[in-house]
Protein chains: 2
Amino acid sequence: MRLAELGEAGLLARLTRALPGGSGVICGPGDDAAVLDLGGPEAVLFTTDTLVEEVHFSRAYISFRDLGYKSLAVSLSDIAAMGGRPTHAVVSLAVPAGIAVADIEELYAGLDEAAGGHGVSLVGGDTVRHPYGIVITVALLGLAERGRVLYRGGAAPGDLFCVTGDLGASAAGLFLFQNPGLGCPPEVERRLKAAHRRPKPRVAAGHILAASDAVTAAEDVSDGLAASLAHVCAASGVGCRLRAELLPICAEVLALGRLTGKDPLEWVLSGGEDYELLYAVRPAAAGEVEGRLVAAGETVTWIGEALEPGAGLWIEHADGTRRPLVPAGYDAFRVNGV
Amino acid sequence: MRLAELGEAGLLARLTRALPGGSGVICGPGDDAAVLDLGGPEAVLFTTDTLVEEVHFSRAYISFRDLGYKSLAVSLSDIAAMGGRPTHAVVSLAVPAGIAVADIEELYAGLDEAAGGHGVSLVGGDTVRHPYGIVITVALLGLAERGRVLYRGGAAPGDLFCVTGDLGASAAGLFLFQNPGLGCPPEVERRLKAAHRRPKPRVAAGHILAASDAVTAAEDVSDGLAASLAHVCAASGVGCRLRAELLPICAEVLALGRLTGKDPLEWVLSGGEDYELLYAVRPAAAGEVEGRLVAAGETVTWIGEALEPGAGLWIEHADGTRRPLVPAGYDAFRVNGV
C-alpha cells in the first residue's frame, strides 16, 4: 500500500500502535502535544511541526520573515491547545546551498519575532543542506500545571462546542494567492493574505481555558473545523451537532465568497490553518468561561454541542436540514492536497 | 553571500548572535545539546538532528530500518556527549506520497529499536508529504544531574585528550558504499558498512565521564576528529597536540587503506560519523576515569593533550614532525560535501 492511499491519519494510527508507553509519559502520541513528567512541579509539553516547500508554502507568496514566524506559530498553537505556556524551541532547517544568507537571516528574524512575542527561547538546532528546497522543523517545549492540561478526549454529551476568533480567513487567503487577479477589494485581500501568512496562536486563550474545570476538551483548528471536531469527538467518544448558522465566518471570507461564487463554508470546514481554539465546555459554565476570554480581548462563539456516543457528526442548517460532517481537511498525503 | 560560501559554522555564528538568553536557559546554542532548567531536580537536555536523502544518506545503501535506527542514534550521541540519559523523542518525517507504507513501518521499527535500546519513548511527531525525497528530523530530550553536565568549553592546558572506541570505520564504510567492486575482504566490508549504518551512541560512557569532576570537556566525534578537537579547543580557549601514532584507527580501516592506497588518517580526521566520545581529562585522574570506562566494557585511548591558549592545533607524528590540524570535516554547505 502507498502512503497516498492510507493517508496521514491512517499512517499515524499504524505507527503509534507499537509505541512503548515509557517512563515519564503522561500522554503520548495522538494529541496536539505529548505531555511528560520530567520531575519538575509542572508537566512538560513537547511538540514538533514540519513545513515543506511546495507542500505547505511557496516562496512565491510568503516572505522568508513570514515563513520563519509561521513555522514557530504552528507549534505555538499546539502548546496553546494543551493549555500550556511555550518555553524553548530548537529549529532544524534544510535549505539549498545556493540560498542567500540574507534570506536565512530574515527567516531567523521571523522566528525570533514569534519567539520573543511568546517568551520562547530558541536554544539550538541543526542547519543542513537540501538538494531541492526548504524544509523547516520546529520542536517546541512548554509547561503546564499538572492536572490542568487540556486534552482532546474529555467532552461529554451535552457539552457545548465553542471556538475562538473567526474562521476561514487563512484558507481564503491561500485561495487568493493561488488565484491572483480576481479583482478582490484591497482591504479584503490584505486581511485574508495576512491571516494566511501570520496566524496568531491563541496561547493566552488556551491558558484561560485550562484554568477552568468546566472545559472538557480542546484542539487547535489547524486542519479545518470539520477535522478538529472529528478528532475531539473520536477522542471523547461523542457525536456532535454543528450549527451552520452560528459559525463565526470571517467577514472578508464572506466577501470573497460573494465575489467568486465559492461557498465560504468550505474554507471554514475544510480549509485549515486558522489556528483558533475549538473547545468543549459544560453548559452551566460556558458563560463564565466566555466572559473570562472576552475580558482578555478574545472573541468566542458557541457553534454546536456534543451528542451521545454513536449519534454521528452532523452539520445542521437554520432550516433544520442536516448533513453528515465529513472531515475533508488537509491530509498530508492526499495527492491533490494543499 | 550564498550559504555555500559561508558554510554551516559561519551561518550558525551569525544566527546565534541574536538569540535571546531567555529564562530557564542554562546553556543555549553551540554545544551538542541545549541545557534547560524546567523546574525539576535535573537539568533537561534538548537537541535535534536532521537527515536529508542524497545529502546524509542514500536509499541505495541504507535500509529503511537502519535509517530509522541511525536517525535517532545521531541525537542519542548528542545526549551522550553532554553526559545525560535520553528520555523522550519526537520524530518529524517528510516523505514522498508514493512511498510504500511497509517501508515507513520499517523505518519506525528501526526508530523503535534505537529508542528501546536506550529507554527512550517516542512520544509524537509529524508526518508530512515531501515532493522529492525523505527528510527525517528527530528532537530528543534527556536528563542530567545539575552540575554534572559535560560541556565543550572546560579543557585547560595540560589536560589529556582521550577518545572512546576506534575511529574511521563509518567514513571508510561510506567510501565502500560509494566505490563498490574494490575486492575488499568480506569481513572488512561487513564491519565498515555496519559502522556506517548502525553507529553506537556512547550513552553509558558519557554517563561515566559526567560522574567525574576531572573530566573537563566532551563532544561526540560526529564530523571527524579534527572538527571535534577544533570545537573543544575553541570553546575551551586552548591549543592542542594530537599524536598521530596514538590514534585508535580501526583495524579494518587500516586494511582498506592498504587495499586502496588511501591514507586512513583522512577517514579518522575528516570522515565523521564515528559517534565516539572525545573528552579532556586532568592528567592525575585520567587513569581512574579510563579504569571505570574499561570496567564498563568501553575502550579508551589517550590521543594528545591541551596546550596553552594561542599555541595552535597540531598533529604530531612519531618522527617528531608536526603539521597544523585543519578541521576538514563535514560541512553541511560545502558544495562537494558528503
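Cut-offs and rules
- Residues numbered from 1 in each chain as written.
- Chains lettered and ligands numbered in written order.
- Predicted model: local features only at pLDDT ≥ 70, side-chain atom pairs only at ≥ 80, totals over all residues.
- Helix = DSSP H or I, 4+ residues; strand = E, 2+ residues; numbered from the N terminus.
- Rg over C-alpha atoms; globule rule 2.2 N^0.38 Å.
- Buried ≥ 20, exposed ≤ 12 C-beta atoms within 10 Å, placed from the backbone.
- Contact = placed C-beta atoms within 7 Å.
- Domains from an automatic or database assignment.
- Least-squares fit on C-alpha atoms with pLDDT ≥ 70 in both.
- Core = buried A, V, L, I, M, F, W, Y, C linked by C-beta atoms within 7 Å.
- Pairing = 2+ DSSP bridges.
- Axes fitted to C-alpha atoms, helices over the stretch in contact; angles between N-to-C directions.
- Nonpolar A, V, L, I, M, F, W, Y, C, P; charged D, E, K, R; others polar.
- Parallel < 35°, antiparallel > 145°, perpendicular 65-115°, else oblique.
- Left-handed = near helix turned anticlockwise from the far one by under 90°.
- Expected span 1.5 Å × (residues − 1).

Quick look at the overall build of chain A
- When its secondary structure is counted, chain A shows 10 helices and 13 strands.
- Since a compact globule built from 338 residues should have a radius of gyration of about 20 Å, the 20 Å found for chain A is in line with a globular shape.
- Oriented by its inertia axes, the alpha-carbon framework of chain A measures out at about 55 × 55 × 50 Å.
- Per-residue burial over chain A gives 57% buried out of 338 residues.
- In chain A, the proportion of contacts linking residues at least 24 apart, taken out of those at least 6 apart, comes to 82%.

Focus on the domain arrangement of chain A
All names here are of chain A.
- The domains assigned to chain A are domain 1 (3–145) and domain 2 (160–324).
- Domain 1 and domain 2 are separated by 23 Å when their C-alpha centres are compared.
- Residue-level contacts link 19 residues of domain 1 with 18 residues of domain 2.
- Those elements that place two or more of their residues in the side of domain 1 that touches domain 2 are helix H2 (64–81) and strand E4 (85–95).
- A per-element tally of the side of domain 1 that touches domain 2 places H2 first, with 11 residues.

Remarks on the relation of the copies chain A and chain B
- Overlay of chain A on chain B (RMSD 0.0 Å): rotation 180°, translation along the axis 0.0 Å. Considering both components of the superposition, the chain copies are consistent with a two-fold axis. Identified as the residue of chain A closest to the rotation axis by C-alpha distance is Gly40(A), at 1.7 Å.
- Mapped onto chain B, 100% of the interface residues of chain A are again interface residues, and the two copies thus contact each other with one and the same surface.

Here we look at the nonpolar core
- Leu45(A), Leu229(A), Leu45(B) and Leu229(B) are the most contacted members of the largest nonpolar core, which has 230 residues in total.
- Other than its neighbours up to four places away in sequence, Leu45(A) contacts Ala33(A), Val35(A), Ile79(A), Met82(A), Gly84(A), Leu141(A), Gly142(A), Leu143(A) and Ala144(A).

Remarks on the sheet that holds strand E5 (residues 121–129) of chain A
Residue and element names in this part refer to chain A.
- In spatial order, the strands read E1-E2-E3-E6-E4-E5; together these six strands make up an open sheet with mixed pairing. Among the strands making up the open sheet, the edge pair consists of strand E1 (25–27) and E5. The mean angle between the axes of side-by-side strands here comes to 20°, regardless of whether they run parallel or antiparallel.
- Lying over the sheet, helix H3 (residues 101–117) contacts E4 and E5, oriented at roughly 155° with respect to E5.

Re the interface of chain A and chain B
- Contact with chain A, which involves 72 residues of that partner, is made by 72 residues of chain B.
- Every element with two or more residues in the side of chain A that touches chain B is listed here: helix H1 (3–17), strand E2 (34–36), strand E3 (42–52), E4, H3, E5 and strand E6 (135–145) of chain A.
- A total of nine residues in the side of chain A that touches chain B trace back to one element, the largest contributor, which is E5(A).
- Of the residues belonging to the side of chain A that touches chain B, the class tally is 41 nonpolar, 21 polar and 10 charged.

Some details on the packing of helix H5 (residues 186–197) of chain A against helix H8 (residues 251–260) of chain A
Residue and element names in this part refer to chain A.
- Between H5 and H8, whose axes approach to 9 Å, the crossing angle comes to 120°. As judged from the angle between their axes, H5 and H8 are oblique. Handedness of the crossing formed by H5 with H8: left-handed. Listed contacts from H8 to Val-188, Arg-191 and Leu-192 of H5 are Glu-252, Ala-255 and Leu-256.

Some details on H5(A)
All names here are of chain A.
- Here H5 contains 12 residues, and its C-alpha end-to-end distance of 16 Å stays within 8% of the 16 Å for a straight helix at 1.5 Å per residue.
- Listed in full, the buried residues belonging to H5 are Val-188, Glu-189, Leu-192, Lys-193, Ala-195, His-196 and Arg-197.
- Each element contacted by the buried residues of H5 is listed here: H2, helix H4 (169–178) and H8.

Topic: helix H2 (residues 64–81) of chain B
All names here are of chain B.
- A rise of 1.5 Å per residue sets the reference length of H2, with its 18 residues, at 26 Å; its end C-alpha atoms lie 26 Å apart and thus fit the reference within 8%.
- Of all 18 residues making up H2, 18 are buried, and the element is well covered by its neighbours.
- Residue Gly-83 follows H2 closely and has a positive phi angle near 80°.

A closer look at the pairing of strand E10 (residues 277–281) of chain B
Residue and element names in this part refer to chain B.
- Most of E10 is tucked away, with five of its five residues classed as buried.
- Here E10 shows a buried face lined by Leu-277, Tyr-279 and Val-281 and a second buried face lined by Leu-278 and Ala-280.
- Sheet analysis places strand E7 (residues 160–164) next to E10, joined by four bridges and oriented antiparallel. Opposite Val-163, over in E10, you have Leu-278 as the bridge partner.

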